[in-house]
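Report on the structure
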Amino acid sequence: MALAAESLQPSGREILSVGELTRRIKRSIEDGVREVWVAGEISNLRPASSGHLYFTLKDEESQVPCAMWKGTAGRLRFRPEDGMEVVAFGRVDVYVPYGKYQLIVEDLEPRGVGSLQLRFEQLKERLRKEGLFDPARKRPVPFLPRKLALVTSPTGAAVQDMIRTIRTRCPVVHVLVYPVRVQGEGAAEEIAAAIGHLNLAVPDLDVLIVGRGGGSIEDLWAFNEEVVARAIRASRVPVVSAVGHETDTTIADFAADVRALTPTDGAVRAVPKLDDLLLALADRELQLKRSLAARAELSRSVLDGLAGGRALGRLEELPARLGERLDDLASRLGAWASQAARPLRGRLELLRASLHADLPRMAEGARQRSRHLAEILASHASRALEAARSRLREADARLGALSPLAILSRGYSITERESTGEILRQSRQAGPGDRLITRLSDGTLLSRVEEPPATP
Amino acid sequence: MSDKTPRKEKFEDHLRQVEEAVKALEGGKLGLEESIERYETGIKALRQCYQILEQAEKKIQLLVKEKDGSLAAKDFDVPAAEEKPRKKTE
């Protein structure tokens, strides 16, 4: 027997139904508190099987139940967790049947740290746990890449900087540019697809540089996406990441085999300096020739020594010593022989006599043989030496006809200090008065240093 | 990870051969005949280093995706940097 009392007539007790009370509360709240921003801590977070998200927002004083619909929750740029400080935007809704109110959250943002930053940390941690950043999985960049690909925007300063750096540093590299969008919707997918496509379509690709110029965290965001990190890790070709400025770090940087600080730095890490290479090669050539010449010289002096007759000297002494021993032997035998072996002694005498006669002849034969041997050795040696010399000359000539001179004819030259033969790489290796030999494409110049080194 | 040896000869492998030849020759423990052999190996590897540098392509190309998914290459022009002033005064 409820008395319907819609108006607030102070005619005694006013008796409302529960529904009416709740509706009043609902109106009051919904009129008074429309859309609000509320700061608090997430607790009791529980996703429902429906996909909607339920949690409580609380602080020291109070708490309010919250609900976030599936669609809204899916658009969040980070993953909410219990204990997280957030700011929620939404409206209060009173659910009349239960007499309960809750905040229907339309947007949620982490407090203190930007949502993008948080998302970055969360993804980085997840991928790190998976082992995607494991140093053991990183491949070295080849020393001299012959084919290199840039995955970047075809316009803008970054690609031009990279190409110019490569051309200046090491012009002998074949550079391919795979154009992609480096920011905006779908950019991450494009970058990941480019990496995959290059791996398939260019089998002799040596290295990939993935990057772009500087920008805000939103601009660089494509390089923080999971799909790019996975594509980099899955690449057979080593990947250099070269994103933004020195202070920018993206997830692509962690996933890559080599991390460069900027696009230009990426180019520097990917290719060696051609000048250094050429000098190193010229150096080695000189070392090889010098070592071989030294070795040949050593052999020659040993053989010279042999042919000089030292060995013969010993051979000549042999007959005299042989004679001594025979005499000694004979006298000892003689003592015995005179006792018991006259015939033996006689034979011995004969033997000795004949030996004495033969010895000079034997000695002469030995001497001749050793002389002959020495001659043979000497001629062999000089033939071997001559062969070595001619091979050296031939190799020299062949070498001379090849690239080193071609490179010299482009204006490069090799300078060495005459006294020590050391090749000069730095101006301070020589001082006034030093004589220098400079090898140009068609010959050498002998010069003397006039002034102390001047470095710009 | 497959251990397929790359068919393409690597610059660094040849350079290493040169270095090994130099080291062996400078060691001084080799006979004359062996020294000559090592020298020849070293010089041959050196020639191959130069050859790789000479034969390397110096192209810069932009890739274009064809309708069938393959990649075509066309020349990519980048304006050259300004000439730096020469450091030598003579």
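Residues numbered from 1 in each chain as written. Chains lettered and ligands numbered in written order. Predicted model: local features only at pLDDT ≥ 70, side-chain atom pairs only at ≥ 80, totals over all residues.

Attention shifts here to the packing of helix 1 (residues 11-27) of chain B against helix 2 (residues 32-55) of chain B. Residues and elements named next belong to chain B. With their axes 8 Å apart at the nearest point, helix 1 and helix 2 run at an angle of 155° to one another. Here helix 2 runs roughly antiparallel to helix 1, going by the angle between their axes. Seen from above, helix 1 lies across helix 2 with left-handed handedness. Contacts between helix 1 and helix 2 involve F11, H14, L15, Q17, V18, A21, V22, A24 and L25 from the first element and S35, R38, Y39, T41, G42, A45, L46, Q48, C49 and I52 from the second. (Axes fitted to C-alpha atoms, helices over the stretch in contact; angles between N-to-C directions. Helix = DSSP H or I, 4+ residues; strand = E, 2+ residues; numbered from the N terminus. Parallel < 35°, antiparallel > 145°, perpendicular 65-115°, else oblique. Left-handed = near helix turned anticlockwise from the far one by under 90°. Contact = placed C-beta atoms within 7 Å.)

Attention now moves to the packing of helix 5 (residues 187-201) of chain A against helix 6 (residues 226-234) of chain A. All names here are of chain A. Axis separation between helix 5 and helix 6 bottoms out at 8 Å; the angle between their running directions is 10°. The angle between helix 5 and helix 6 places the two elements in the roughly parallel class. Residues A188, E189, I191, A192, I195 and G196 of helix 5 touch helix 6, and the partners they reach there are V227, V228, A231 and I232. The residue makeup of the contact of helix 5 with helix 6, split by class, is eight nonpolar, one polar and one charged. (Nonpolar A, V, L, I, M, F, W, Y, C, P; charged D, E, K, R; others polar.)

Our focus in this paragraph is the interface of chain B and chain A. Contacts between chain B and chain A engage 36 residues on the former and 37 residues on the latter. Mapped by element, the contributors of at least two residues to the side of chain B that touches chain A are helix 1, helix 2, strand 1 (60-65) and strand 2 (71-75) of chain B. Broken down by element, the side of chain B that touches chain A gets its largest block of residues, twelve residues, from helix 2 of chain B. Here the residues of the side of chain B that touches chain A are counted per class, giving 23 nonpolar, four polar and nine charged. When strand 7 (residues 174-179) of chain A meets strand 1 of chain B, the two strands line up parallel, connected through three bridges. The residue bridging V177 of chain A from the neighbouring strand is L62 of chain B, located in strand 1 of chain B. (Pairing = 2+ DSSP bridges.)

Moving on, we get to the nonpolar core. Membership of the largest hydrophobic core comes to 55 residues, with the highest contact counts inside it found for I191, L208, I209 and V240 of chain A. With seven residues, helix 5 of chain A is the single largest residue contributor to this core. In this structure I191 of chain A touches V151, V180, V210, A222 and V228 of chain A, once residues within four positions along its chain are discounted. One finds L15, A21, L25 and Y39 of chain B within the second-largest nonpolar core, a separate group that totals 19 residues. (Core = buried A, V, L, I, M, F, W, Y, C linked by C-beta atoms within 7 Å. Buried ≥ 20, exposed ≤ 12 C-beta atoms within 10 Å, placed from the backbone.)

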